[in-house]
Structure formats: C-alpha cells, structure tokens
Amino acid sequence: MHSPPLVEQVNDGNWLDPDEAQSLRDEQFYQRAIYAYQTMLPALNVIGMRDGSEAVFGTGYNVLPIWKDRMDSRTWVPTPNADVIYSMSYLDLKVSGPLVVAAPANVIGMFTDFFQRTITDVGAIGPDRARGGLYLLLPPNYDGHVPDSYFSFESPTYNVFLFFRTVMAKGEKGPDPSPAVALAEKTRIYPLWAQEKEIRAMEFPNASGKRVDMMYPVDATYWDKLKDFVDYEPTSAITPELRGVLASIGIVKGLTFEPDQRQRELLAKAVEVAPRMILANRQLGRADGRDRYYEDRQYLRAWAAATAEWMQESYLDIDQRAAFFQYAYSSAPAMVQRTIGAGSKYPVAFCDENGRYLDGSNTYRMRLPAHPPAAFFWAVTAYNITDGTMPETDQLLPSTNSYYDVATNEDGSVDIWFGPQQPENVGDTNFIQTIPNRHFMAVLRLYGAEVEFFDQTWKPDDLVKVS
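Being a predicted model, the structure only gives us computed values, none of them experimental.

A.B. asks: Lay out the packing of helix H2 (residues 18–57) against helix H6 (residues 240–247) with the relevant residues and their values.
C.D. replies: H6 packs onto H2 with a crossing angle of 130 degrees between their chain directions and a minimal axis gap of 9 Å. Viewed along their axes, H2 and H6 adopt a mutual orientation that is oblique. Seen from above, H2 lies across H6 with left-handed handedness. Residues Arg32, Tyr35, Ala36, Thr39 and Met40 of H2 pack against Leu242, Val245 and Leu246 of H6.

Structure representation (structure tokens):
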C-alpha cells in the first residue's frame, strides 16, 4: 500500500496523541508571542516613552517637555543625545482632530506615527528646508477639508510622536543651551478648527534633572499596553497578516484579552526570551556584513544600508528593525540618506580594534582625525548595550562634543578616553566614564555630515584598549 508523503510523515495518517497536540499548540502560541514582541517593539518603544513622559509632565497637545539643561543619565530612554536640546511630545489626533504644528526655523526633527514610521522630517531635510513652517497633521482616513498653504500629512495612527532637536551655541566654557531652548519654545501646536480663544497656551516644562522612566515594559504589561494600542488605533494601522499573528495570541481589536493560566505563562516567558533573542542577533552580527561602515574598522551602521523604513532592496529587514528599537528610537530619512551638510550620521562601536566587546572595566582611547566632517557639530557618547540608556555614573552626561574646548593633538586629532577612572593628564572634556563589569557601546554623531565622511577619506579610528 502506498501513502502520500505527509500521511507517512505525520503519525501514519492518524490524529496526534492529545498531550503532543497540546504541546505543539503551546509551542505555536509561544512562537507567535515571540514574533509579536519583536514586530510590535517599535510601537511599544514609543508607548513607553509617552507613558513615562506624561506621568511626569502631563498630557495635552499644548504640553511640550524640553530638556532645557540637556538630557542626562537620569532620563531612561533609548540612546538619548545629551549634545542637543530635546523637545518631545505625544499628540492624539483622535482627541484633538487635525493639529497644526508651527515649527521654528532650524529645527532638526520629525513626526512619526506610533509604529515610528516617519510621517515627515522637519528642518533642513523636511519640506520647510530649515525655514520653519506650518505642519498640518491629519488623523487616519481623514475626509474633511484640507486647507492649502500647510505642509499637510495624514498619519496612519491617531497617536503621533513629535521629536524636535535644536542646536546649542558655543559658550565661553562649553555648550550654551539657552539659544536652542529659546528656539524650541517658539513651537506652537493647536487644533486646526479651534477658535483663537479656545486654544490652550503652550507649556514647556523643563525635563532636565528629573528621574524619568520612559522605557518600554519588560513584563506582562507589554501585552496589556499592546492590546490597548490595538483597540485604540484604526484597523488600517496594522496589516491583516500581523493582526492574524496578534489574534493567534488573543489580541483582537474590540474583543476581551483573556489568556488562560498556561497562556499567561507563555506570554511572560516570551517577554523574557524575545529581548535576549534580539540581543543575541546584535551580538553575533550579520552574516552579510551590510551593517559595517568600513572594511577596516569596527563601526556599525544601525540601519544596515536599509531605508529609514527598514526596506532592503527586496525585503523588509525585520531583524535589523527589532535590533534598532531595542536600543534606539526614531528612524527618519534625515538619519539615513546621504545628504551632504544637512543630515546626521551615527557610527556605532560595540568592539575595540581587535573585535573584543567594549568593557567598562577597561580604559580605551578613541581617536578622531583632524577636521571631523560635521557642518554643525560632532559628539561622542557612551550607552548601555542592552537598551541604549546612558550609564549612570558620577558623570551624569557620559558625552563630549565639539562645543567644548576639547584638547587636541599636534596634528589636530582628538583623543576621547573611556574608562571607570579618568586617566592622568586627560581633561574632563576628553573623558567619558564607564561602569566596571558592564559592556558599553560608543556612538559618534556627526550633525551635518560632509563629503569626507561619505567618500571615507575621513574615518574615526577604532577604540584601542589602553589598560
């Protein structure tokens, strides 16, 4: 007797043992939870930022927290930049309807939906071309009148992330935040159809110096927040296939999320294991090498030569996207496109010149050759590898930048030192403190990257272990 191949392969054409069937269904549930975690991380990343911010600074379209004295390690958020002034808020177009944002000139910023897909850049790479202008943010599937003379964009989600950076001035003793703060405070946000007398006055709370947890959940609340997000946003915000993945673990728009005890155990396990899987991919690296900036350096590119939307030539790079949103946030064309003198670039080092992971117990030297090709400024920062937060040491700003009077070598190069203790004869502006027995990553930022960076006639030296 001849049987079809699958009949022979699967239990000789018979139903499975009930225990095996249940075990396999549990395994499928767990695998779907892992996939859901990794796929939904961009949304949970910004939801964590919103919830942490609003718990401290309040809610509303008119509330724009500004880190007026720079952002330091007491703000828990993925890879923050202490070297610009941050303004970040979370707009809800379901509550407000269409919103107008009057963006000041010379902002480096963006609007994203809550999957952190860029709605538009703002500033030199945006439609205002650094002149400032009126941006009109429309809710999903908006069918009302759209006036002319705005930069108008429809968001795929009701929730919108506003992320503005303004550039500090060079003061007598280092960076001067005040001009950048004054510029950020020119931002105005109001509902399109509101009468002048109804518009709330803007509030600009100073977020600096406060301990604020803006990280995404690391426990079962991950799934509860995801369910709330799925219920709140329009069906069109998530593809039917991804909705099918979510449905397979009990998350369906408009239906009660009631996992049983075994499912809760599997969901809790997924929240523990999924981030370790993402970290493992980051640690072991890409086989294709698309994330390497240089043939002869250790520096990596967070986008791995994909677009800001994580598209490679023929596929969506889901692993690279998950890796990015584990330790960073906000992907935008200005960060990815090779725009001369206007965009920004972020070479990242996890390893020293010999390919060994950077360890906070050791002392390292990073040498920047003379004339770093940055039209605006350059900066170097240390971060925790796991989630991109700043290591909290006695040095609350684990960063330095070209606004300081950084010591230079005779040839014009700059040495930046990393270590648990400041080396002798190294000034404060050339030293970044690390935490012993904890790995770290070093990020070089070039704002307004110039042609020497793109054609690689200028390259940062690898970190060298000194002791």
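Having seen the structure, we can now continue with the description.
A.B. asks: Before we move on, could you go through the packing of aromatic side chains and cite the residues and values that matter?
C.D. replies: Ring pairs (aromatic) are described by centroid distance and by the angle formed between their planes. Applying the stated criterion across every chain, the model contains 31 aromatic pairs. Each residue in the set Trp303, Trp310, Phe324, Phe325, Tyr327, Tyr346, Phe350, Phe377, Tyr403 and Tyr447 is aromatic and connected to the rest through ring pairs, giving one cluster. Residue placement shows lysine 94 over the ring face of tyrosine 232; its charged tip is 4.0 Å from the ring centre.

A.B. asks: Which residues make up empty space enclosed by the protein, and what are the values?
C.D. replies: Using the criterion set out here, one finds three cavities of 30 Å³ or more in the structure. Its boundaries defined by the atoms lining it, the largest cavity holds a volume of some 220 Å³. Forming the walls of the largest cavity are 18 residues, and the residues nearest its centre are Thr79, Ala328, Tyr329, Tyr346 and Arg445. Contributing elements (two or more residues each) for the lining of the largest cavity: strand S8 (159–166), helix H8 (318–327) and strand S20 (440–449). In terms of residue count, S20 provides more of the lining of the largest cavity than any other element does, three residues in total.

A.B. asks: Before we move on, can you summarise the layout of surface pockets with the specific residues and values?
C.D. replies: Here the largest pocket defines a volume of roughly 660 Å³. If you go around the largest pocket, you meet 31 residues; those closest to its centre are Met215, Tyr216, Val218, Thr386 and Asp387. Elements supplying a minimum of two residues to the lining of the largest pocket: H2, helix H5 (221–232) and helix H7 (261–284). Top element by residues in the lining of the largest pocket is H7. It accounts for seven residues.

Definitions and cut-offs
Residues numbered from 1 in each chain as written. Predicted model: local features only at pLDDT ≥ 70, side-chain atom pairs only at ≥ 80, totals over all residues. Heavy atoms only, no water. Axes fitted to C-alpha atoms, helices over the stretch in contact; angles between N-to-C directions. Helix = DSSP H or I, 4+ residues; strand = E, 2+ residues; numbered from the N terminus. Parallel < 35°, antiparallel > 145°, perpendicular 65-115°, else oblique. Left-handed = near helix turned anticlockwise from the far one by under 90°. Contact = heavy atoms within 4.5 Å. Phe/Tyr/Trp six-rings, centres within 6.5 Å; stacked < 30°, edge-to-face > 60°. Lys NZ or Arg CZ within 6 Å of the ring centre and 35° of its normal. 1 Å grid on protein atoms, 1.4 Å probe; cavity = no way out; pocket = protein on both sides within 12 Å on 5 of 7 lines; lining within 4 Å. Points joined across faces, edges and corners; volume = space filled by probe spheres on them.

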